[in-house]
Amino acid sequence: MRDIRKTFIIEENKQLSSRTWFIRLKGDVSELTSPGQFVNIAIPGKYLRRPISVSRYFTREKGLHLLYNIAGEGTEILSKLKPGFELDILVGLGNGFSLPEGVLKPILLGGGIGAAPLLQLGYDLMANGIKPQVVIGYNTAKDSFGIEKDLRDMGIVTYVATVDGTAGTKGFVTDVIEEKALKYDYFYACGPMPMLKALSQLPTEGELSLECRMGCGFGACMCCSLETVKGAKRICKEGPVFKKSELIWK
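Reading the values: rules and limits
Residues numbered from 1 in each chain as written. Predicted model: local features only at pLDDT ≥ 70, side-chain atom pairs only at ≥ 80, totals over all residues. Heavy atoms only, no water. Core = buried A, V, L, I, M, F, W, Y, C linked by side-chain atoms within 4.5 Å. Buried < 20%, exposed > 50% of the residue type's maximum accessible area, 1.4 Å probe, protein only. Helix = DSSP H or I, 4+ residues; strand = E, 2+ residues; numbered from the N terminus. Salt bridge = Lys/Arg side-chain N within 4 Å of Asp/Glu carboxyl O. Pairing = 2+ DSSP bridges. Right-handed = clockwise from strand over helix to strand, strands pointing away.

Brief notes about the nonpolar core
Thought 1: Counting residues in hydrophobic clusters, the biggest one holds 27 residues, and the most contacted among them are Ile107, Leu109, Phe187, Leu199 and Leu210.
Thought 2: Taken together, the elements giving at least two residues each to this core come down to β6 (86–93), β7 (106–111), α4 (173–179), β11 (186–190) and α5 (193–199).
Thought 3: Residues Ala116, Ile136, Ile147 and Tyr186 belong to the second largest nonpolar core, which totals 24 residues.

Written out as structure tokens, the structure is:
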């Protein structure tokens, strides 16, 4: 049986923007096998764990990087924890992004904090000799937490869209694709549900990482089920990443 419950030590926990925080942790990440997986963190004083997508992981160095927004009491408590604090974390949950055979020019599409997994995905694609394009969408420039700079530092061409036009292209990630006439043979997307629903209309196959509230995070409580063309699936167990062609949007 897999031992997914691990103890991690906080090494850094800092604010990046008005809502977004970065936390760097030390611990065993050997259960993580693909970008797009998530961890479930026990928060002091809270009954339910908080699921957070993995931004980067470093197996040899035993390092884990997470990005999170303060969305309620649990993440508010997390933001106040100091270096040296030990966290009880379930690691390597869910199924992440894949690399289908024949994909040569993928595009990575992220919305706000939901874009966090694109860092590991971009790194892995580059390590496999595949150079993607990336588009990150925000509501406004003030929402940026710097992921576009991190991707550009990897040598990846990265565009930004903002709904109010304060940075990059005014509009949504789809407006960037049209404005820049971007060509791609596959897409990866992560972000809020309305964005993912819109991206499911793109002409190529792709993979979407779904966001939802979770109870247990490993498939026991069934509270994150959704209907797919292959029957009911659990976002935390069979997902959070699904092929576009699997999903049924209502």
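Right, picking up where we left off after that structure.
Here's the deal with the pattern of salt bridges
Thought 1: Counting across every chain of the model gives twelve salt bridges.
Thought 2: Two residues, Glu179 and Lys180, come together in a salt bridge whose shortest N-O distance is 3.5 Å.
Thought 3: Lys180 gets classed as partly exposed once you look at its relative accessible area, which sits at 39%.
Thought 4: Several salt bridges converge on common partners, so that one network encompasses Glu11, Glu12, Lys14 and Arg24.

Points about the pairing of strand β8 (residues 133–138)
Remember that side chains alternate between the two faces of the sheet whenever the strand is regular.
Thought 1: Counted residue by residue, β8 has six buried out of six residues, so it is predominantly covered.
Thought 2: Neither face of β8 is exposed, since Gln133, Val135 and Gly137 on one face and Val134, Ile136 and Tyr138 on the opposite face are all buried.
Thought 3: Examined bridge by bridge, β7 and β8 share five bridges and lie parallel to one another. Directly across from Gly111, in β8, lies its bridge partner Gly137.
Thought 4: Taken together, β7, helix α2 (residues 118–127) and β8 constitute a β-α-β crossover, and its handedness is right-handed.
Thought 5: In the sheet, β8 pairs with strand β9 (residues 157–162) via six bridges, with the strands oriented parallel. Within β9, the position partnered with Gly137 by the bridge is Ala161.

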